[in-house]
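# Summary of the model geometry
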Amino acid sequence: MPVSTLRSVISDEIAIEIARLGMVRESSDATTLHRVTELASRAVTGCAGATSVRWSHSDRPEPLVVAASHPDLADLVDLQIARGSGPSFDAVLDRTSVSCEDTLAETRWPEYVPAALRRGVRCFNTTLYENDRVLVTLSLYGVVPGALDPRHLALAELLVAQSGAAVSNTRQYDDVHRTAVQLQQAVEARAIVDQAKGILMHALGCDADRAFAELRRISQTRHVKLTAIAQRIVAGHGHLDDGR
């Protein structure tokens with residue numbers, strides 16, 4: 001779809017919500033995917049409902065997070081997961097979009113299609129987004145044959161790409177934040193140990209190596225972490241002898 005045509009089918013409100021999808025720490029993976037399904041249902045012409053799945057990066061991708069705009073559509077995802085097959089699995093395995101113009105004439109998925117028909121699904125399209133961190137699919141469903149106009153599916157591609165980027169950014173942020181927390185904890189632990197060593201050096205009249213060896217000895221004999229022993233000493237509650 002040309003950019004000008006794509007712009008014409010996106011309201012200002014939808015454009016703002018799409019932009020928010022890419023904001024780091026705006027929400028969890030599950031909330032992001034739920035927002036995508038809701039947006040797709042409202043924004044894509046002919047879409048009566050949607051599902052979205054984040055998949056593992058593996059030889060045989062496994063679903064990690066699932067979102068659906070309606071319980072009946074969630075059932076369709078669950079059916080595919082239980083069987084290990086279906087249009088979403090084909091899209092992920094082949095790394096390509098999958099579509100069906102009319103489920104009544106569809107023969108590719110003999111177990112999935114009857115379940116879709118029972119839930120009023122007469123057409124569907126699955127689009128995917130992948131980078132080196134995440135793999136996400138977005139499936140759109142229509143209630144009449146051919147309801148999903150191919151000219152409007154570029155909006156679905158935009159939605160799944162933006163949601164995939166949001167999930168990737170969130171995971172990257174979490175990794176960086178986790179590392180920063182671990183480094184901060186290490187710095188704080190080192191500071192406590194250094195303070196405890198200084199107290200022991202003064203109390204025992206020894207050097208830093210001997211003070212650290214004493215800390216380690218107390219930690220080992222009492223089966224308490226060295227940092228916990230150091231905290232007790234710094235707080236004035238440490239005992240320098242181990243009961244011998």
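Our subject is the structure listed above.
This one's a predicted model, so the numbers in the text were calculated from it and none came from an experiment.

Tallying secondary structure elements over the protein chain gives nine helices and five strands in all. Along the chain direction, N to C, the helices and strands of the protein chain fall in the order α-α-α-β-β-α-α-β-α-β-β-α-α-α. Here the protein chain holds 244 residues, and the buried ones make up 41% of them. Across the protein chain, every contact between residues at least 6 apart in sequence was considered, and the portion connecting residues at least 24 apart equals 57%. Carbon and sulfur atoms provide 52% of the accessible area of the protein chain, an area that totals close to 13,000 Å².

So, about the environment of L135. For L135, the position within the fold is in strand β5 (residues 135–142). A sequence separation of 80 residues divides L135 from W55, and the C-alpha atoms of the two residues are 5.3 Å apart. Ignoring sequence-local partners within four residues, the contact set of L135 consists of V53, R54, W55, S56, H57, V92, R95, L128, Y129 and E130.

Let's shift gears to the packing of helix α8 (residues 208–222) against helix α9 (residues 226–234). Here α8 crosses α9 at 110°, and the two axes come no closer than 9 Å. Here α8 is positioned roughly perpendicular relative to α9, judged by the angle of their axes. In this structure, α8 crosses over α9, and the sense of that crossing is right-handed. Here α8 contributes F212, L215, R216, I218, S219 and R222 to the contact with α9, which in turn contributes L226, I229, A230 and I233. Taken together, the residues of the contact of α8 with α9 break down into seven nonpolar, one polar and two charged.

Take the packing of aromatic side chains next. One pass over the full model with this rule turns up three aromatic pairs. Among the aromatic side chains, those forming a connected cluster through ring pairs are W109, Y112 and F124.

Okay, the nonpolar core next. The biggest cluster of nonpolar side chains holds 14 residues, and the ones touching the most others in it are L73, L76, W109, Y112, V121, F124 and Y141. Mapped by element, the contributors of at least two residues to this core are α4 (71–83), β3 (98–100) and α6 (112–118). For this core, the element with the highest residue contribution is α6, accounting for four residues. Apart from the residues within four sequence positions on either side, F124 is in contact with P87, V98, S99, C100, T103, W109, Y112, L140, Y141 and L148.

Attention now goes to the pairing of β5. Both faces of the sheet carry side chains from a regular strand, because those side chains alternate between them. The element β5 is largely enclosed, with a buried count of eight among its eight residues. Residues L135, T137, S139 and Y141 point to one face of β5 and V136, L138, L140 and G142 to the other, with burial holding for every one of them. With eight bridges connecting them, strand β4 (residues 123–130) and β5 associate as antiparallel partners. Looking at the pairing, T126 lines up with S139 of β5. Counting the residues in the hairpin turn of β4 and β5 gives four residues.

The next subject is the pattern of salt bridges. Scanning all chains against the criterion turns up nine salt bridges. Between R108 and E106 there is a salt bridge; the shortest N-O distance is 2.8 Å. What makes E106 buried here is its relative accessible area of 16%. Note that R217 is salt-bridged to E214, the shortest N-O span being 2.5 Å. Here E214 and R217 lie together in helix α8, a separation of three residues that amounts to about one turn. Exposure remark for R217: the relative accessible area of 22% places this residue in the partly exposed category. Of the residues examined, E214 reaches a relative accessible area of 10% and is grouped as buried. A network of salt bridges, in which partner residues are shared, links R190, D194 and K197.

Cut-offs used in this document
- Residues numbered from 1 in each chain as written.
- Predicted model: local features only at pLDDT ≥ 70, side-chain atom pairs only at ≥ 80, totals over all residues.
- Heavy atoms only, no water.
- Helix = DSSP H or I, 4+ residues; strand = E, 2+ residues; numbered from the N terminus.
- Buried < 20%, exposed > 50% of the residue type's maximum accessible area, 1.4 Å probe, protein only.
- Contact = heavy atoms within 4.5 Å.
- Areas by Shrake-Rupley, 256 points an atom, 1.4 Å probe, with all protein chains shown as cover.
- Axes fitted to C-alpha atoms, helices over the stretch in contact; angles between N-to-C directions.
- Parallel < 35°, antiparallel > 145°, perpendicular 65-115°, else oblique.
- Left-handed = near helix turned anticlockwise from the far one by under 90°.
- Nonpolar A, V, L, I, M, F, W, Y, C, P; charged D, E, K, R; others polar.
- Phe/Tyr/Trp six-rings, centres within 6.5 Å; stacked < 30°, edge-to-face > 60°.
- Core = buried A, V, L, I, M, F, W, Y, C linked by side-chain atoms within 4.5 Å.
- Pairing = 2+ DSSP bridges.
- Salt bridge = Lys/Arg side-chain N within 4 Å of Asp/Glu carboxyl O.

These values are about where atoms sit, not about what they do.
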